[in-house]
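# Coordinate inspection notes
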Amino acid sequence: MRVVVDTNVLISALLIETSLPAQLIIVWREGRFDLLTSAEQLDELRHVTRYPKIRERLSQPLAGRLINELRGLAESVPNLPPVTASPDPCDDYLLATVAAGHADFLVTGDKSGLLALRLYESARIITVRAFLDLHRRLP
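Summary of the structure given here. (Residues numbered from 1 in each chain as written. Predicted model: local features only at pLDDT ≥ 70, side-chain atom pairs only at ≥ 80, totals over all residues. Heavy atoms only, no water.)

The next thing to look at is the sheet that holds strand β3 (residues 75–76). Spatially, six strands are ordered β3-β2-β1-β4-β6-β5 in an open sheet, and the strand pairing comes out mixed. Every interior strand has two partners, whereas the edge strands, β3 and β5 (119–120), have only one. In this structure, strand β1 (residues 2–5) lies alongside strand β4 (residues 105–107), joined through three bridges in parallel fashion. Considered in β4, the bridge of Val 4 is made with Leu 106. Along the sheet, helix α6 (residues 92–101) contacts β1, β2 (34–37), β4, β5 and β6 (123–126); its crossing angle with β1, the most-contacted strand, is approximately 170°. (Pairing = 2+ DSSP bridges. Helix = DSSP H or I, 4+ residues; strand = E, 2+ residues; numbered from the N terminus. Contact = heavy atoms within 4.5 Å. Axes fitted to C-alpha atoms, helices over the stretch in contact; angles between N-to-C directions.)

Right, here's the structure in full:
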C-alpha cells in the first residue's frame, strides 16, 4: 500500500506522541505501508518546524530526526508533475506526489481542502482515523 501523508499530519504526530497521527507513524515504522514523500514536502517540513509557534512546542532535534527518517526510509518521488487541483494551491505538490508515486491513499486533516476532493487519480483522500480504521480491517 502506497501512502502520501500530509505535512500537517506529520507535524501533529511530532507534537502529540499519543495522537492518531503518531499512531500512523508507528504503523509506518512497523513497515505496514510504504510512505511516499518528495523534496517539496521535506522543504515544507523544514520550513514549518521553524515557525515560532511550532518551535516553542517542538524540539528541533526531534523535527530533524523525522525529516532525516523520511529522507532515509520513505520513498522519495522525484520530478513531480504540475498539478492545479487543490482548493489550496500550496497543497498541489501533495497531489503531484500522489500522481507521480501512484499512491493508493493521501492521508490528511485538511477538511476544507484536500478531504473535500475525496479522490485524486487512483488515490482515496481520507483522514488519519479513517486510514487507521481501514488498516485495522486489512489482513
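There's more to say after this.
What follows concerns the pairing of β2. Of the strand pairs in this sheet, β1 and β2 are connected by three bridges, and their pairing is parallel. Bridge pairing in β2 links Val 3 to Leu 35. The sheet contact formed by β2 and β3 spans two bridges and is parallel. Pairing of Thr 37 across the sheet is with Ser 76, part of β3.

Here we come to the environment of Arg 55. Looking at the secondary structure, you find Arg 55 in helix α4 (residues 52–55). With sequence-adjacent residues up to four places away left out, Arg 55 is seen in contact with Thr 49, Arg 50 and Gln 60.

One non-glycine residue, His 102, lies in the positive phi region at around 55°. A positive phi angle, near 55°, is found at Glu 121, a position not held by glycine. Looking at the element boundaries, Glu 121 is found in the loop between β5 and β6. Look at Glu 121 and you get exposed, because its relative accessible area is 55%. (Buried < 20%, exposed > 50% of the residue type's maximum accessible area, 1.4 Å probe, protein only.)

In terms of nonpolar packing, the biggest core is built from 31 residues, with Val 5, Leu 24, Phe 33, Leu 70, Val 107 and Phe 131 touching the most fellow members. Elements represented by at least two residues in this core include exactly β1, α1 (7–15), α2 (20–29), α3 (39–48), α5 (60–73), β4 and α8 (128–137). The residues contacting Val 5, other than those within four sequence positions of it, are Leu 10, Leu 24, Leu 35, Gln 41, Leu 94 and Val 107. Formed by 18 residues, the second largest nonpolar core is a distinct cluster that contains Val 4, Leu 95, Val 98 and Ile 125. (Core = buried A, V, L, I, M, F, W, Y, C linked by side-chain atoms within 4.5 Å.)

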